[in-house]
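Each chain, letter by letter, is given below.
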Amino acid sequence: MSTLSQQTPPSSPTAEPFGNVLFHEVIAAGGRWSRRMEPGERLRIIDLEGQQAVDFLCYSPELPMDRLNIPNTVKLNKSLYITEGCKIYSDHAKVMFSVVSDSCGFHDTLAGCCSNEIDLVRYGVVKTKSCRANFIAELADWSMAPSEIVSNINFFMRVAFSEDGSVAIAPGVSKPGDHVELQAEMPVIAMLSNCPQEHNPASGFKPTPIEVIVYRP
């Protein structure tokens, strides 16, 4: 399930190295996407132009209330950042995904998703596009309500924090073509919002497309 996207043929040179490609698509700036994945399938997210935040949620399709849990993920990885070698945990401390490849190295767990409401408070702007709005629309396709939105991972987004506890969204460090690749460790619904934020550095002040490849090695 996706919106604002451009289908790319499986024969595309970008997809060819991945073997058994199940899905390959370019998600437009501000777009959204979700898909059920089975154990062993891999999701590669490619930042095509660099500095583009990608907000990520995941849910168990058998038990949707068992979903991404950021505190469990932070505690069990002993890190506020997600990178290669980390695992993504659920409310029940089940491993939902493993991060098997990462060319960027900094993926945020602190800042959550942008919303029309918080952008009005922070920046005094009235908006209709946000990651929260994308998640609400995508969850509806799976018969889930807005209450299922929890704290998310922000791939390619850099949030700096200091010893005194202060945090700030900083310019991203991802370069054009950087990627992160996740392997499903259980049946799971993966959900993305290609962040439309224009008022902070999350998406380089100019949202750009990303590429999504689902394949089985």
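For clarity, every value in this text was computed on a predicted model and none was experimentally measured.

I'd love a proper account of the overall build of the protein, names of residues and values included.
The helix and strand inventory of the protein stands at three helices and twelve strands. Compactness check: the protein gives a C-alpha radius of gyration of 16 Å against a globular reference of 17 Å for 217 residues, within 12% of the reference. When its C-alpha atoms are laid out on the principal axes, the protein stretches across 45 × 35 × 35 Å. Within the protein, the proportion of its 217 residues that are buried is 52%. Considering only intrachain contacts with a sequence separation of at least 6, the fraction spanning at least 24 residues in the protein is 75%.

Which residues make up the nonpolar core, and what values do they have?
Burial of nonpolar side chains together is a common tendency in soluble globular proteins. Core analysis: the biggest nonpolar cluster contains 41 residues, and Leu43, Phe56, Phe97 and Phe155 have the highest contact counts within it. Residue contacts for Phe97: discarding those within four places in its chain leaves Met37, Phe56, Cys58, Lys87, Ile88, Leu182, Gln183, Ala184, Glu185, Val188 and Ala190. Core analysis: the second largest hydrophobic core is formed by seven residues, Cys131, Met157, Val159 and Cys195 among them.

Just give me the short version of the environment of Thr128, but keep the residues and values in it.
Note that Thr128 resides in the loop between α2 (116-123) and α3 (131-141). Between the C-alpha atom of Thr128 and that of Ser115, which follows or precedes it by 13 residues, the distance is 8.8 Å. Excluding anything up to four places from it in sequence, Thr128 contacts Asn116 and Ala133.

Report on the pairing of strand β12 (residues 210-216), specifying residues and quantitative values.
Of all seven residues making up β12, six are buried, and the element is well covered by its neighbours. The pairing of strand β2 (residues 20-37) with β12 spans seven bridges and is antiparallel. Counted as the bridge partner of Phe23 is Val214 from β12. The pairing of strand β3 (residues 42-47) with β12 spans six bridges and is antiparallel. Across the sheet, residue Ile45 finds its bridge partner in β12, namely Val212.

An account of the environment of Phe156 is needed here, citing residue identities and associated values.
Here Phe156 is to be found in the loop between β7 (153-155) and β8 (158-161). Separated by 50 residues in the primary sequence, Phe156 and Phe106 place their C-alpha atoms 6.3 Å from one another.

Before we move on, could you go through the packing of aromatic side chains and cite the residues and values that matter?
Tallied over the entire structure, the rule returns five aromatic pairs. A centroid spacing of 5.3 Å and a plane angle of 85° characterise the contact between Tyr81 and Phe106, whose relative ring orientation is edge-to-face. Within this pair, whereas Tyr81 is found in the loop between α1 (70-77) and β5 (87-89), its partner Phe106 is found in the loop between β6 (95-102) and α2, the two being separated by 25 residues in sequence. Within the aromatic cluster, the residues linked to one another by ring pairs are Phe56, Phe97 and Phe155. Lying across the ring of Phe106, Arg158 places its NZ or CZ 4.1 Å from the centre.

Help me get a handle on unusual backbone geometry, residues and values and all.
If you check the backbone angles, Lys78 has positive phi at about 55° while not being a glycine. Relative to the assigned elements, Lys78 resides in the loop between α1 and β5. On the basis of relative accessible area, Lys78 is assigned to the exposed category, the value being 77%. Residue Phe156 is not a glycine yet carries a positive backbone phi of 70°.

Can you lay out α1 for me, pointing to particular residues and giving the numbers?
Turning to α1, its buried residues number three or more, namely Ile70, Asn72, Thr73, Val74 and Asn77. The inward-facing, buried residues of α1 abut β5 and β7. Downstream of α1 by a residue or two, Lys78 has a phi angle that is positive, lying close to 55°.

Procedures and definitions
- Residues numbered from 1 in each chain as written.
- Predicted model: local features only at pLDDT ≥ 70, side-chain atom pairs only at ≥ 80, totals over all residues.
- Heavy atoms only, no water.
- Helix = DSSP H or I, 4+ residues; strand = E, 2+ residues; numbered from the N terminus.
- Rg over C-alpha atoms; globule rule 2.2 N^0.38 Å.
- Buried < 20%, exposed > 50% of the residue type's maximum accessible area, 1.4 Å probe, protein only.
- Contact = heavy atoms within 4.5 Å.
- Core = buried A, V, L, I, M, F, W, Y, C linked by side-chain atoms within 4.5 Å.
- Pairing = 2+ DSSP bridges.
- Phe/Tyr/Trp six-rings, centres within 6.5 Å; stacked < 30°, edge-to-face > 60°.
- Lys NZ or Arg CZ within 6 Å of the ring centre and 35° of its normal.

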